[in-house]
Amino acid sequence: NNSNYFRNTTAEEDEINYYTDSIIGQVTTSAMSQEQKLKACYDWTVHNCTYKSVFTSVPGNYSFKQWYGLNMLKTRQGNCYSYASAFAILADRLGYNANVVQGYIQTQSGRWSAHGWVEISGVKYDPEIEWAHGYNCYAGASPRVYKYQ
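Residues numbered from 1 in each chain as written. Predicted model: local features only at pLDDT ≥ 70, side-chain atom pairs only at ≥ 80, totals over all residues. Heavy atoms only, no water.

## Considerations on the sheet that holds strand 6 (residues 146–148)
What links the strands of a sheet is backbone hydrogen bonding, and the strands pair in either a parallel or an antiparallel sense. To keep it simple, the criterion reads: When DSSP finds at least two bridges between two strands, those strands are taken to pair. Helix and strand definitions here come from DSSP, where helices need a minimum of 4 consecutive H or I residues and strands a minimum of 2 consecutive E residues; each element is numbered from the N-terminal end. Each axis is a line fitted through C-alpha atoms, and for a helix only the stretch in contact is used; angles between axes span 0 to 180 degrees, taken between their N-to-C directions.
A sheet is described by the order of its strands in space; here 4 strands give the open sequence 5-4-3-6, paired in antiparallel fashion. A strand with exactly one partner marks an edge of an open sheet, and here the two such strands are strand 5 (123–125) and strand 6. On average, each strand axis in the sheet is tilted by 55° relative to the strand beside it, whichever way the strands run. In this sheet, strand 6 lies alongside strand 3 (residues 98–106) in antiparallel orientation, the contact comprising 3 bridges.

Given below as structure tokens:
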């Protein structure tokens, strides 16, 4: 049954799909496994985006993940929530169920700082910390300590 294939999408979903499909088309091939495609999208997020403080309200027709992710894919600039959301919407488009977590990360000085990251099946992915510090933060490899709200 392909009824889901023909469902109507919103203009917001169409815009998100345009950007995610474009990036996925650039960084993946049909010969790649799902895991290789996921890693390619993670690497794209780390290497093609830069940090910029973002304080914006989310319009009612978007979810937090959609709004922050779309803006990061469009401008390639954003905060930790933007990095997480961009990777999450790419992962979602690949068929994963990616959750953006809003919590805290322990800084090098030992303080807790508000932070956002992605979890897929309980595994952490943190493209912003990898971008900022060069740590491998893919698939649970981050050396940082995380805390949930």
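## Looking at the layout of surface pockets
Convention followed: The definitions used throughout rest on a 1 Å grid laid over the protein atoms alone, on which a cavity is an enclosed set of points accommodating a 1.4 Å probe that cannot get out and a pocket is an open set flanked by protein within 12 Å on both sides along at least five of seven lines; lining residues are those having an atom within 4 Å of a point. Grid points are joined across faces, edges and corners, and a volume is the space filled by probe spheres set on the points. Each residue is assigned to one of three groups, with Ala, Val, Leu, Ile, Met, Phe, Trp, Tyr, Cys and Pro labelled nonpolar, Asp, Glu, Lys and Arg labelled charged, and all others, Gly among them, labelled polar.
Taken as a whole, the largest pocket holds about 240 Å³ of empty space. For the largest pocket, the lining is made up of 11 residues, of which Glu-13, Ile-16, Asn-17, Gln-66 and Asp-92 are closest to its centre. Class assignment for the residues of the lining of the largest pocket results in 2 nonpolar, 4 polar and 5 charged.

Scope: geometric values only; no functional claims are made or implied.
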